[in-house]
Amino acid sequence: MTSQFNLYVDADACLRFQLVTGSGDLLLTSKAFEDEDAAIAAIWSVREAAAKGRIVDLTGSMPENHPAE
């Protein structure tokens, strides 16, 4: 099963989306959007950023199995 974006209306009548893994784990919840077009555009933006985004470790630590750059 693959991950999915769930688009829904929150308690304040705003649109939000959640990214949920195939096993049902919630990875993120978006900010509130006023309309569906804006929410869907944000989903596309997240998909593109995730596919091309770099991992930047701001914690100062590096896992032992992580290759040094």
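Before any of the text, the structure's been laid out above.
Position numbers for residues count from 1 along each chain, tracking the sequence in the order it is written. The predicted nature of this model means local features are confined to residues of pLDDT at least 70 and side-chain atom pairs, given and counted, to a pLDDT of 80 or more, with totals for whole chains, interfaces and linings taken over all residues. Hydrogens are left out, water is left out, and the side-chain values use all remaining heavy atoms of the structure.

1. Section: the pattern of salt bridges
Turning to step 1, where the next piece is worked out: Throughout this description, the term salt bridge denotes a Lys or Arg side-chain nitrogen within 4 Å of a carboxyl oxygen of Asp or Glu. Overall, the coordinates contain 2 salt bridges when judged by the stated rule.
Turning to step 2, where the next piece is worked out: The salt bridge partner of Asp-10 is Arg-16, with a shortest N-O separation of 2.8 Å.
Turning to step 3, where the next piece is worked out: Think of it in three bands: residues with accessible area under 20% of the maximum for their type are buried, residues over 50% are exposed, and the middle band is partly exposed, with areas taken using a 1.4 Å probe on protein chains only. Overall, the relative accessible area of 14% leaves Asp-10 in the buried class.
Turning to step 4, where the next piece is worked out: Under the relative-accessibility criterion, Arg-16 is labelled partly exposed at 23%.

2. Considering unusual backbone geometry
Turning to step 1, where the next piece is worked out: Within the chain, Ala-13 stands out as a residue other than glycine whose phi angle is a positive 65°.
Turning to step 2, where the next piece is worked out: Tracing the sequence through the fold places Ala-13 in the loop between β1 (4-9) and β2 (15-20).
Turning to step 3, where the next piece is worked out: The class for Ala-13 is exposed, based on a relative accessible area of 63%. The numbering of helices and of strands both runs from the N terminus, where a helix is a DSSP run of H or I of at least 4 residues and a strand a run of E of at least 2.

3. Notes on the pairing of strand β3 (residues 26-29)
Turning to step 1, where the next piece is worked out: We call two strands paired when DSSP finds no fewer than two bridges between them. Where β2 meets β3, 3 bridges bridge the pair, whose relative direction is antiparallel. Across the sheet, Gln-18 pairs through a bridge with Thr-29, a residue of β3.
Turning to step 2, where the next piece is worked out: As consecutive antiparallel partners, β2 and β3 are separated by 5 residues, and within that stretch Gly-24 has a phi angle of approximately 95°, a positive value.

4. Observations concerning the nonpolar core
Turning to step 1, where the next piece is worked out: To define a nonpolar core, start from buried Ala, Val, Leu, Ile, Met, Phe, Trp, Tyr and Cys residues and group those joined through side-chain atoms within 4.5 Å. Leu-15, Phe-17, Phe-33, Ala-39, Ala-42 and Ile-43 form the largest nonpolar core, which has 6 residues in total.
Turning to step 2, where the next piece is worked out: Taken together, the elements giving at least two residues each to this core come down to β2 and α1 (36-52).
Turning to step 3, where the next piece is worked out: With 3 residues, α1 is the largest single contributor of residues to this core.
Turning to step 4, where the next piece is worked out: The criterion used for residue contact is that any of the two residues' heavy atoms lie within 4.5 Å. Those residues in contact with Phe-17 that lie beyond four places of it in its chain are Phe-5, Asn-6, Leu-7, Tyr-8, Leu-28, Thr-29, Ser-30, Phe-33, Ala-39, Ala-42, Ile-43 and Val-46.

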